[in-house]
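Remarks on the overall topology
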Amino acid sequence: MGEHYGMTQALREGAPATAAPRIGFVSLGCPKALTDSELILTQLGAEGYETCKTFAGADLVIVNTCGFIDDAVKESLDAIGEALAENGKVIVTGCLGAKAGEGGANLVRQMHPSVLAVTGPHATAEVMDAVHRHVPKPHDPFVDLVPPQGVKLTPRHYAYLKISEGCNHRCTFCIIPSMRGDLVSRPIGDVLGEAQRLFDAGVKELLIVSQDTSAYGVDVQYRTGFWGGLPVKTRLVDLCEKLAELAARYGAWVRLHYVYPYPHVDQVLPLMASGAILPYLDVPFQHSHPEVLKRMKRPASGERNLERLQRWREICPEIVVRSTFIAGFPGETEAQFEHLLDFMREAQIDRAGCFAYSPVQGAAANALPGMLPAQLREERRQRFMAVAEQVSATKLRSRVGATMQVLVDAAPALGRKGGVGRTYADAPEIDGTVKLLPPQKASRTLKVGEFIQARIVGCQGHDLIGQPT
């Protein structure tokens, strides 16, 4: 299960004085949904459509939804309702668009029957067909006005790169495969081509995302593709090697997300130890107790996760591990939950998030015996986070006194009053930051998207405090 980013992105650029049709856009959900939004926006731009910031000023509105947990469903339905109220012409896409409601009918159409069209995720062509039906595309679009890297909703200096769609697993708490389908790996040449274009455009941090990054290439039996005229296998370690080579030319970072702890992940660790890619792994462990993991139908054995973590740290002592967990899963006993807390203390997970189990409609886990009361689920989530925050605080204190490379995310007034950045240990939006103090030299400035060195002088909550050197 990935993190849910309750993120609404109105497009940054207003529409110039032109007769071109204008499209409003809302993007909700995780980075994988964000990359779907970027594909749609890129196609809109290629066909000459303009974008606008407000629903009222648009010819129609596209809402890219999330449907993973109940809060995400509510947020998406509310966004659709708001767009309908302010504009009236709305196309819905994304995971919620594939979700069934009562009686098996489409949930979005049940709740908002006046929407113009509904598609599932990863459906750029279907969305554009709906746009064409209701707002005909402009004549003679200037295709060359779209940048080579496409339209991005992230800041210029970092970007998400999706390497596959869907998932082959059938975890009992998850409904993603029913919405996004089985694993489909992108051709490795296409992935590397997009990475090159993003680096060319100034991206300094490339975040690799998918539903199951470790499984990249499984569906095509790791077939050989081509990049730069040379053969490259469609396999995680080969992809990481080529991404590392590309990133080195630009002095950029590569960060891996949604990595299941399969044994072959060990092959990537030497690249992290050498600094070729960031020594950071986002690993969705979800739980530690074998019985709970069995009921979850998790694809990797939990019994050996402590051994894997120890081995990873032996290969790469600087590695940072972030993970997500579920507290209060159906049938979870107090002893099994205590096992999870003990795991957290021993595993020393650097960054951890936790969800109280949510009975998402359509999830197989809802039929399991032993559903716990909502109050107990929330209580266990809070107990878990108390332990996780103790571990994280200890890890952060150990950074004090070190000088670390920091990527600058914000630098008001050229950083003369300080700024905000991140180290290799912090992914955007989900981890902590480095609060940068004003530079000690009056002539020293900071610039968004640049790497600097900062001496860590303290910590505050989930964040570090750094003095630019």
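Keep in mind the model is a prediction, meaning the values are calculated, not measured. (Residues numbered from 1 in each chain as written. Predicted model: local features only at pLDDT ≥ 70, side-chain atom pairs only at ≥ 80, totals over all residues. Heavy atoms only, no water.)

So, the nonpolar core
- Counting 57 residues, the largest nonpolar core has Leu281, Phe325 and Phe384 as its most contacted members.
- Those residues in contact with phenylalanine 325 that lie beyond four places of it in its chain are Phe285, Gln286, His287, Leu340, Phe343, Met344, Ile349, Ala352, Gly353, Cys354, Phe355 and Phe384.
- With 29 residues, the next largest nonpolar core counts Leu34, Val209, Tyr424 and Leu464 among its residues. (Core = buried A, V, L, I, M, F, W, Y, C linked by side-chain atoms within 4.5 Å. Buried < 20%, exposed > 50% of the residue type's maximum accessible area, 1.4 Å probe, protein only. Contact = heavy atoms within 4.5 Å.)

A closer look at the sheet that holds strand 16 (residues 403-410)
- An order of 16-17-18-20-19 is seen for the five strands of this closed barrel, with the pairing classed as mixed. Along the sheet, successive strands turn relative to each other by an average axial angle of 50 degrees, direction set aside.
- Where strand 17 (residues 419-422) meets strand 18 (residues 434-436), three bridges bridge the pair, whose relative direction is antiparallel. What sits directly across from glycine 419, in strand 18, is leucine 436. (Pairing = 2+ DSSP bridges. Helix = DSSP H or I, 4+ residues; strand = E, 2+ residues; numbered from the N terminus. Axes fitted to C-alpha atoms, helices over the stretch in contact; angles between N-to-C directions.)

Here's the deal with the side chain of glutamine 467
- As for its placement among the helices and strands, glutamine 467 is situated in strand 20 (residues 463-468).
- Owing to a relative accessible area of 9%, glutamine 467 belongs among the buried residues under this scheme.
- Within the local environment of glutamine 467, its side chain forms a polar contact with the backbone oxygen of proline 438, the two atoms lying 3.0 Å apart.
- In this structure glutamine 467 touches Leu437, Pro438, Pro439, Gln440, Gln453, Ala454, Arg455 and Val457, once residues within four positions along its chain are discounted. (Polar contact = N/O pair within 3.5 Å; in protein donor to acceptor, adjacent residues only side chain to side chain.)

What to know about the sheet that holds strand 2 (residues 50-51)
- In spatial order, the strands read 2-1-3-4-5; together these five strands make up an open sheet with parallel pairing. On the outer flanks of this sheet lie strand 2 and strand 5 (117-118), each paired with one strand and no other.
- In the sheet, strand 3 (residues 60-65) pairs with strand 4 (residues 90-94) via five bridges, with the strands oriented parallel. What sits directly across from isoleucine 62, in strand 4, is isoleucine 91.
- Strand contacts of helix 1 (residues 31-46): strand 1 (22-27), strand 2, strand 3 and strand 4, with the helix running at about 170 degrees to strand 1, the strand carrying the most contacts.

Quick word on the pattern of salt bridges
- Evaluated as defined, the whole model comprises 24 salt bridges.
- Close ionic contact of arginine 422 with glutamate 205 constitutes a salt bridge, the shortest N to O distance being 2.6 Å. Here the residue arginine 422 occupies a position in strand 17, and glutamate 205 occupies one in strand 9 (residues 205-209), the gap between them amounting to 217 residues. For the pair arginine 422 and glutamate 205, a shared accessibility class is recorded, and that class is buried.
- Each of Glu332, Glu334, Glu338, Glu379, Arg380 and Arg383 takes part in one network of salt bridges that share partners. (Salt bridge = Lys/Arg side-chain N within 4 Å of Asp/Glu carboxyl O.)

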